[in-house]
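Each chain, written out:
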Amino acid sequence: MRKFNKIDHFFSLSLFFSLFMLSGFVALAGDSNNKMLPGSHILQDTTTLKGKVTDADDNTPLNGVSIENLRSRRGTTTNASGEFSIAVQTGDQLEFTFIGKAPKTVVYLGQTFLPVALSKADGALSEVIVTGFQNLDKKKFSGAATSLKAADVKIDGVADVSRMLEGRAAGVSIQNVSSTFGAAPKIRIRGATSINGENKPLWVVDGVVLEDIVNISNDQLASGDPTTLLGSSVAGINVNDIESFDILKDAAATALYGARAMNGVVVITTKKGRSGRQVVNYTGNYSTQFKPRYTDYNIMNSVEQMSVLSELDRKGWLTTNVLRGGNYGVYGKYYDLINEVLPDGSFAMPNTQQAKREYLLRYAKSNTDWFDLLFRQSFVQEHSLSISSGTDRLQSFFSTSFYNDNGWTLADNVKRYTLNFRNNYKFSDKFSAGFLTTGSYRQQEAPGTISRTANVVTGGYDRNFDINPFSYALNTNRALTAFDDKGDREYFTRNFAPFNILSELENNRLKINVIDLKLQGEATYKFTEHLRYEFIGAIRYVRSTREQEVNENANMANAYRAAGTSEIRRNNPFLYQDPENPSAEKVVVLPYGGFYNRVEDQLLNFDVRNSLNYANTFGADDEHDLNILIGQQIKYSDRQNASSNGYGYQYDNGGVATPDFRILKQMIEQNFPYYGMSKDFDRFAAFYFNAQYTYNHKYNFYGTVRYDGSNRLGASRQARWLPTWSFGGAWNINEEGFLRDVEAVNYLKLRASYGLTASMGPATNSNIILRNINIHRPYLTDVETIIYIANLANDDLTWEKNYTANIGLDAGLFNNRLTTSIDVYHRRSFDLIGLIKTSGIGGESLKTANYADMTSQGAELLIGGQPIVRKNWNWKINLTFGYNTNKITRSEYLPRIFDLVKQEGGNLQGYPVNSLFSIKFAGLNATTGIPEFINEEGKTTSAVFMQSDSVRNLKFEGSVDPKFTGGLNNTFTYKAFSLNIFITYQAGNMIRLNPAFKNSYSEWDASPKEFYDRWVMPGDQTITNIPSIMDYYQYVLTNATPFNYPYNNYNYSTERVARGDFIRLKTVSLSYQLPAELLHKTNFFKSVSITAAAINPWLIYADKKLKGQDPEFFNAGGVAQPVQKQITLSLKVGL
Amino acid sequence: MKYKLSCALVLLVMLSACDKYLAREPDNRAKLTDPAKVSQLLASAYPQGSYMAFAEAMSDNAGDKGTGEADVTNSAPYAFENVPNSDQDSPDNYWYSCYAAIASANQALEACNEATNTEDYQSQKGEALVARAYAHFMLVTLYAKPYDQSTAGSNPGVPYVTEPETVVNKQYSRGTVAEVYEKIEKDLLEGLPLLDDASYKVPRYHFTRTAANAFASRFYLYKKDYEKAVQYANASVPDLLPNLRPWNTTYQTYGINNLPAEYQKTTEPANLLLMTCPSIYTYALSFIRYRYALTPEIQNEIFDTPLEVTGGDWAYITGYVGSQKNPGVPKLNYTDFAQDDPTSDFGLAYGTLCLFTTEEVLFNKAEANTYLGNYDAAIKDINLFLSTRLTGVTPGTLPANRTVTQAKVRQHYNNDYSIQEALVKYILELRRIEFVHEGMRWFDILRYGLTVTHEFVGTGGVVTKTLEIGPDDKLRQLKLPNEVKLSGITDLNR
């Protein structure tokens, strides 16, 4: 409590600061009030002027051009035909402004009709770079940044903003590791900068950093765990509200984010209200996603599968022993039936070969299409409405949207509501302010799942009770059926309890609710023409709940009740063994009901910034241009995570909770308290200074210094503060005399920058970290809550840092019909957090410290062209290309074999971040067909010790992160038609194929078609590398040797990698803009356009070895889903 | 200009305000704000690592069964090779856990010393000092040559750490065995009087006065200061009989299934100090099933010889796991397992160690008394012990035909030895049987420089190799972890 008081006190100080300044301004403003207000005197000779605004390049009408009468301060906008009308007096100046066009001021001299043609702004370079702190003139900017208009990159029908940036900006790599709503793609700007850090870019919305509600590292994104559904920080943003993106890449561009900028920054600017006529826009997207099909994958049909099963049967796998394991299908069921005595005394199944044959034949013929059963042709609708209006004193923008996806699978669906309300007020010429309220609410369902756990034996991951429909369809054999002969649901056995996926998806669900609210205020006061004060403050509250509802009929609940025979009681791990009485039989501790498990995350975020900006142009011919920014920022985020598990909730019995005390005893004895809560505090303060100077419109200089303070490294003063800096310069070559007369060159700019940025690493022990834990003891009565040393103090702990040098060239040629931008950069990351072994004498043998370095370099290229510019015809082409390589130059930690061969890749000195290694395959054993490898000691054997840190015998395959990324966008316009074809690509990375091989197969497993070519008899090893199916005898022999998992090793061997290169047709869309004349007649519609789009329709190229596996997707089960093929119809109406 | 000046002033105020604002810890980490918190930290000042697996495998209690499971923490120590990992049950793991315990003790001591009301922290200070002494004592016993007054001043010891480490790679030196013993003694003697049993929530998992005195009796026995060994043994458990394990009474009723659940309980008065840590040595009876463990032959040797003096039968419960090749005393809890997740089969197996027991106190006292010439006192304690270990005997009242006498003991060794030597040998044999599977035998082998012979059996039960580890063999001392070089120590023993 005391600490909280201190914070309150501090904020009152900060508030005092801003109040103090404001009061000063108000006093000042008072003097000039009369001057500024034009009053409301009535004008006698006002007339209404009509006119039309067209594009100077192709004479097409421009819709939405702002027109302001600079005298009366009244404004309007053009309609879809480019027409406008405005009240004028002779001599009035009318200012025409439009995005991407140079503003134009026309003096009214009594014309009856005013045609105005707006020409393109001075190339792309006259645009503005929005850094979130400043709006910078791109002409003078020396950093590397890409500005994208939302309208250009928007993919109708895709609800998550982050996925739209794929292939749009050079150097931004986006991998859709899961495409479930709410899950974030793996985003990297210019590749990895850190080894163990998050490597995620910073998202900034309207100048305020968007804090994540839960911190999920890039690697965790691919885990399929329920938390990943909160991974996308931008999932609550309505795409239609976005005006533009600015991607800040180098040190100069990101400098004002100082100690958090190392991984790049994505700045989102949302729409504002415009003065003038009220504009109402409706956008409706109606999409459907296609079911996946078996033809795209490599899975055996039921006949082929039955032949594999019968081989398993012959090899001694499918004896009555399957009943003991608790997971069985067709064969296990057969054994159950031949043992089941019916009331009339006969057996449920006669124990004859004939009966067995008939029984098995039914399943061999079933050919169950799990995709068809578990997926549906979903209908996704998204409605968005925005109203923009305003006067010169007040501009207002309101928008709301509703997104409803009824689910691609039976188990998932999403609803999202958003609200955005923004008002800007101009109190006087000096003082203006704005308020922004955004809110979103998300309601989502997903298949019930729990977090995966590491399998310490094989080194892989396990997830019990996984019912992810996609991985279920891929991993469950097609000889199993969902319905029996009578059409009723057919159950097989999992975890000793009946299981049918359709029932399970109904009975085991995850419900997610997210509420996200933000209130933001902005104020600007102009002291003089040159000096301006700016305030920005925001408060944001996010709350999410995840409820897993496991019905009493779910397999997960019934597994806790499966105790039918003493055999089951002995083998079922979900029964309870009293530790005080080890000789007693295990007992059921969930006699009634199911589970109600709840996780709640909250975030309260507060961000305030005060700054002074001085801008002046002086000297003869305005040759000196100076812009200075000085400011201060303070920020805090409090996060809270709470969880509770409810046992014995009876969903079908009026919601009565009937927990058995012994399940709590069991959990507590295992040190799993049935509830938990943790808090996390982020405190941040910064001071910054930035100066820009341009001489003679040609030579630009830019420098930033920033001083950041944070509590994240722990409460130690010496680690708390970090200065960062950057500087840069740009030369506008086209302003030089020798180029001024060259018509072909519209602009040409050379720029360079260098600077230090930083990021918070995953270590917080500048001071000792002590944590509480309930220490494990064999008996509950002896358990104590203790404190242990989680991490020793590290006096030298500091931020992860990075020097970036960037050189770039921007050019616009041939009337800007060809624009290009080239960047080359080199980065040296140092003080990276890495694991380091120590003598352990201090008490911690493995420390995290600033002990790793890496370098990275790359190049980026952006080419924009307009090969055809005609009156009716237009073809625009845009190519982005990004190249990045990196290398860990120092890392003390020796990873273990599994760390390097797992599909996410691992880190080893001398190799790139996230390098994928493989165990060297050494052929199949000539007598058994069991795969053999070069093991950690260099010997040829089937056993490889995955936990060994002797990694020299592994083969380096490549990084899992692509070296090359980019996209190619083509837009063809013919009259009112517009066709867009967008292709993305990546290359240079390696992928681990899905683990398909096992030491032993259960009756559930689906076999990939590779099994056709498997080793069957001695001699086959010369013609195939696909290992045999082990017989039971071999299996027992193999198991006798410790850590002998040859088939698991095979999954991580040189045989099971593929190149990650792919070219994907991301979208094809065709738009039609209804003719303005037609709309004009309705006197209601201002613009109507219809777009039909196909999203992800075609994977044009990928490695053949992938055999249907998506090169981006990590099939981790849980809540993970691959990118869907989707068709969208989009309707945009303007009123 | 005026407001600019004010701004600068406000900024200055803010800078200092910021520092306070940024002093907020980033998460729920604990702070040692009162004596109770320091007590909580001290629960981690006991090494969370087990020496049982490697100590037992190195001792002469282990033989090669020819076949069977052999985790590397079992096979490598048997062959006197280095365990190549630092997982649970490995020597490296024990090294790290001892120093982790020492770090907790040092952190606690720092909190005690920095507190303004130091008098409120006396019992915490006591526990920290004794715990620090214990961890160092175990390290110096396993990693340095045994204490001998003539060589202790030159034999390398182990780094004695007395303050928290705050840099990534601090430099340390091993010092000498004498120095380490000196520091252990100082910590122990300073800490012992400060202990307050009432301050513990679960006393049997902490250094009570009883446990600390037991430690002192062991320390002085190893230091060959026999008067003090007797003195502290008496202080530890003044009345031995009610605190000995009731093998021939209550334990008989438990039977083979419930014995493991009772043997290491806090309610068993013989357990003076317990410690639970991750270990696969006890889990699923590995300590009996391992390939390099008690063989039927060794079992016979261990169990038969002492009986030659007393006659009668042991009340020890023995059994087999799987086959008769795997004999043992199933006394250690073998079901203790914590899953990683309630639905996962994976997790950590735990084992509990009886760090100090009444039996050890009894033996320490008897051995020290033997060296002091108090043979009758030693024999009295031995008979007390036997009265709880032989079947058909009422504890405390040993019949004459079962009673050990000086003559019987000398006779047992063919009168080859003096009564002192014979008694010591006999006590060592009783220790061997009492602490079988628990690793204690290795400490006696170290102290007395006993030669260990390990045979390796190939196919068909043929002995393929014999390893003899003599009293001066360098392999007797564990190798320090390779990473210790990072702290400037070059002598890793091997």
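Residues numbered from 1 in each chain as written. Chains lettered and ligands numbered in written order. Predicted model: local features only at pLDDT ≥ 70, side-chain atom pairs only at ≥ 80, totals over all residues. Heavy atoms only, no water.

Moving on, we get to the overall build of chain A. Regarding its fold elements, chain A presents 19 helices and 52 strands. Whereas a compact globule of 1135 residues would reach a radius of gyration of roughly 32 Å, chain A reaches 33 Å, a difference of no more than 12%. Its C-alpha atoms put chain A at 110 × 70 × 65 Å along the principal axes. In chain A, which comprises 1135 residues, the share counted as buried stands at 58%. Within chain A, residue pairs in contact and separated by at least 24 positions form 71% of the contacts whose partners lie at least 6 positions apart. Carbon and sulfur atoms provide 55% of the accessible area of chain A, an area that totals close to 44,600 Å². The average position of the 117 basic charges and that of the 112 acidic charges among the side chains of chain A differ by 3 Å. (Helix = DSSP H or I, 4+ residues; strand = E, 2+ residues; numbered from the N terminus. Rg over C-alpha atoms; globule rule 2.2 N^0.38 Å. Buried < 20%, exposed > 50% of the residue type's maximum accessible area, 1.4 Å probe, protein only. Contact = heavy atoms within 4.5 Å. Areas by Shrake-Rupley, 256 points an atom, 1.4 Å probe, with all protein chains shown as cover. Lys, Arg positive; Asp, Glu negative; His and termini not counted. Charge placed at Lys NZ, Arg CZ, Asp CG, Glu CD.)

We now examine the environment of B:Arg476. Residue and element names in this part refer to chain B. Considering the arrangement of structural elements, one finds Arg476 in the segment after strand S9 (463-469). The class for Arg476 is buried, based on a relative accessible area of 2%. The spatial distance from the C-alpha of Arg476 to the C-alpha of Ser236 is 31 Å, given a sequence separation of 240 residues. Here Arg476 is in contact with Leu142, Trp442, Ile445, Leu446, Gly449, Leu450, Ile469, Gly470 and Pro471, once residues within four sequence places are set aside.

So, about unusual backbone geometry. Of note in this structure, A:His697 is not a glycine but carries a positive phi near 60°. Mapped onto the elements, A:His697 comes out in the loop between strand S31 (675-695) and strand S32 (699-710). The class of A:His697 is partly exposed, set by a relative accessible area of 43%. Residues other than glycine seldom take positive phi values, yet B:Lys224 does so here, at roughly 65°. Here B:Lys224 shows up in the loop between helix H8 (209-222) and helix H9 (226-236). Take B:Lys224: its relative accessible area is 41%, and that puts it in the partly exposed class.

With that settled, the discussion passes to the packing of aromatic side chains. In total, this model carries 100 aromatic pairs over all chains according to the counting rule given. Judged by centre distance (6.4 Å) and plane angle (85°), the rings of A:Phe375 and A:Phe470 are edge-to-face. Of this pair, A:Phe375 sits in the loop between helix H8 (370-374) and strand S18 (380-390) while A:Phe470 sits in helix H9 (residues 469-475); the two residues are 95 residues apart in sequence, bridging distant segments of the chain. When its relative accessible area of 2% is taken as the criterion, A:Phe375 is described as buried. Residue A:Phe470 is classed as buried on the basis of its relative accessible area of 2%. Measuring from ring centre to ring centre gives 5.3 Å for A:Tyr525 and A:Phe527, while their planes differ by 75°; the resulting arrangement is edge-to-face. Considered together, A:Tyr525 and A:Phe527 belong to a single accessibility category, that of buried residues. Clustering of aromatic rings is evident, with ring pairs tying together B:Tyr46, B:Tyr134, B:Phe137, B:Tyr147, B:Tyr181, B:Phe207, B:Phe215, B:Phe219, B:Tyr220, B:Tyr222, B:Tyr232 and B:Phe356. Taking NZ or CZ as reference, A:Arg609 lies 4.1 Å from the ring centre of A:Phe133, over its face. Of note, B:Lys465 hangs over the ring of B:Phe456, and the distance from its end group to the ring centre comes to 4.7 Å. (Phe/Tyr/Trp six-rings, centres within 6.5 Å; stacked < 30°, edge-to-face > 60°. Lys NZ or Arg CZ within 6 Å of the ring centre and 35° of its normal.)

This part takes up the sheet that holds strand S3 (residues 75-77) of chain A. All names here are of chain A. The strand order S3-S2-S5-S6 describes an open sheet built from four strands, whose pairing is antiparallel. With partners counted over all chains shown, the strands left at the sheet margins are S3 and strand S6 (104-107), one partner each. Pairs of neighbouring strands in the sheet enclose a mean axial angle of 20°, with direction left out of account. Relative to S6, strand S5 (residues 93-97) is paired through four bridges, and the arrangement is antiparallel. The residue of S6 that forms the bridge with Gln93 is Val107. (Pairing = 2+ DSSP bridges. Axes fitted to C-alpha atoms, helices over the stretch in contact; angles between N-to-C directions.)

Another aspect to go through is the packing of helix H5 (residues 91-114) of chain B against helix H6 (residues 122-143) of chain B. Each packed pair of helices is defined by two parameters, the angle between the axes and the distance between the axes. Residue and element names in this part refer to chain B. Taken N-terminus to C-terminus, the directions of H5 and H6 make an angle of 155°; their axes are 9 Å apart at the nearest point. Taken together, the axes of H5 and H6 are roughly antiparallel relative to one another. Crossing of H5 over H6 shows left-handed handedness. (Parallel < 35°, antiparallel > 145°, perpendicular 65-115°, else oblique. Left-handed = near helix turned anticlockwise from the far one by under 90°.)

Turning next to the sheet that holds strand S4 (residues 83-88) of chain A. Residue and element names in this part refer to chain A. Spatially, the three strands line up as an open sheet ordered S4-S1-S7, and their pairing is mixed. Either end of the sheet is taken by a strand with one partner, and the two such strands are S4 and strand S7 (113-118). The mean angle between the axes of side-by-side strands here comes to 30°, regardless of whether they run parallel or antiparallel.

This part covers the pairing of strand S26 (residues 508-526) of chain A. Residues and elements named next belong to chain A. Bridge count for strand S21 (residues 431-447) against S26 is 17 bridges, and the pairing is antiparallel. Directly across from Phe435, in S26, lies its bridge partner Gly521. Taking the residues between adjacent antiparallel strands as the criterion, S26 and strand S27 (residues 531-550) are bridged by four residues.

Turning next to the interface of chain B and chain A. On the side of chain A, 91 residues touch chain B, which itself brings 77 residues to the contact. Between chain B and chain A, roughly 7,600 Å² of surface is buried when both sides are summed, and carbon and sulfur atoms account for 62% of that area. At the surface where chain B touches chain A, the tally comes to two salt bridges. Here A:Arg771 and B:Asp27 are joined by a salt bridge, their closest N and O atoms 3.1 Å apart. Linking chain B with chain A are 20 residue pairs in polar contact (both at pLDDT 80 or more), by the criterion used here. Elements with a minimum of two residues in the side of chain B that touches chain A: helix H1 (2-21), helix H2 (35-42), H5, helix H10 (250-263), strand S6 (337-339) and strand S7 (347-357) of chain B. No other element matches H1(B), which puts 13 residues into the side of chain B that touches chain A. (Buried area = accessible area lost by both parts, 1.4 Å probe. Salt bridge = Lys/Arg side-chain N within 4 Å of Asp/Glu carboxyl O. Polar contact = N/O pair within 3.5 Å; in protein donor to acceptor, adjacent residues only side chain to side chain.)

Let us now look at helix H17 (residues 440-448) of chain B. Burial runs high along H17(B): eight of the nine residues are buried. The inward-facing, buried residues of H17(B) abut helix H3 (52-58), H6, H8, helix H13 (358-371), helix H16 (419-434) and strand S8 (452-457) of chain B.

As a further point, take the side chain of A:Asn500. Residue and element names in this part refer to chain A. Mapped onto the elements, Asn500 comes out in the loop between strand S25 (497-499) and helix H10 (501-507). A residue is classified by how much of its surface remains accessible, and Asn500, at 3% relative accessible area, is buried. A polar atom in the side chain of Asn500 sits 2.7 Å from the backbone nitrogen of Leu502.

All names here are of chain A. Scored by pLDDT, chain A has a mean of 85; 94% of the residues are at 70 or more. Note that residues 1-44 has pLDDT below 50 and, in this model, 46 contacts with residues that lie over four places away or in other chains. Throughout residues 122-126 the model reports pLDDT below 50, and contacts reaching past four residues in sequence, or to other chains, amount to 15 contacts. (pLDDT = per-residue confidence, 0-100.)

Going through the model one piece at a time under the given rule, you end up with 84 salt bridges over all chains. The shortest N-O distance in the salt bridge between A:Asp578 and A:Lys665 comes to 3.6 Å. Here A:Asp578, found in the loop between helix H12 (566-571) and strand S28 (594-618), pairs with A:Lys665, found in helix H13 (residues 661-669); they are 87 residues apart in sequence, far enough to count as distant. Residue A:Lys665 is classed as partly exposed on the basis of its relative accessible area of 24%. The partner of B:Arg441 in a salt bridge is B:Asp60, and the shortest N-O contact between them spans 2.9 Å. Remark: B:Asp60 occurs in the loop between H3 and strand S1 (63-64) and B:Arg441 occurs in helix H17; sequence separation between them is 381 residues. Here the salt bridges share partners, and the residues they tie into one network are A:Glu211, A:Arg260, A:Lys635, A:Arg639, A:Asp680 and A:Arg712.

This part is about the nonpolar core. Counting residues in each nonpolar core, the largest one holds 160 residues, and the members touching the most others are B:Tyr51, B:Trp95, B:Phe207, B:Phe215 and B:Leu386. Among the elements that make up this core, the one with the highest residue count is H6(B) (13 residues). Here B:Trp95 is in contact with A:Ser839, A:Ile841, B:Leu139, B:Tyr143, B:Val158, B:Pro159, B:Leu480, B:Pro481 and B:Val484, once residues within four sequence places are set aside. (Core = buried A, V, L, I, M, F, W, Y, C linked by side-chain atoms within 4.5 Å.)

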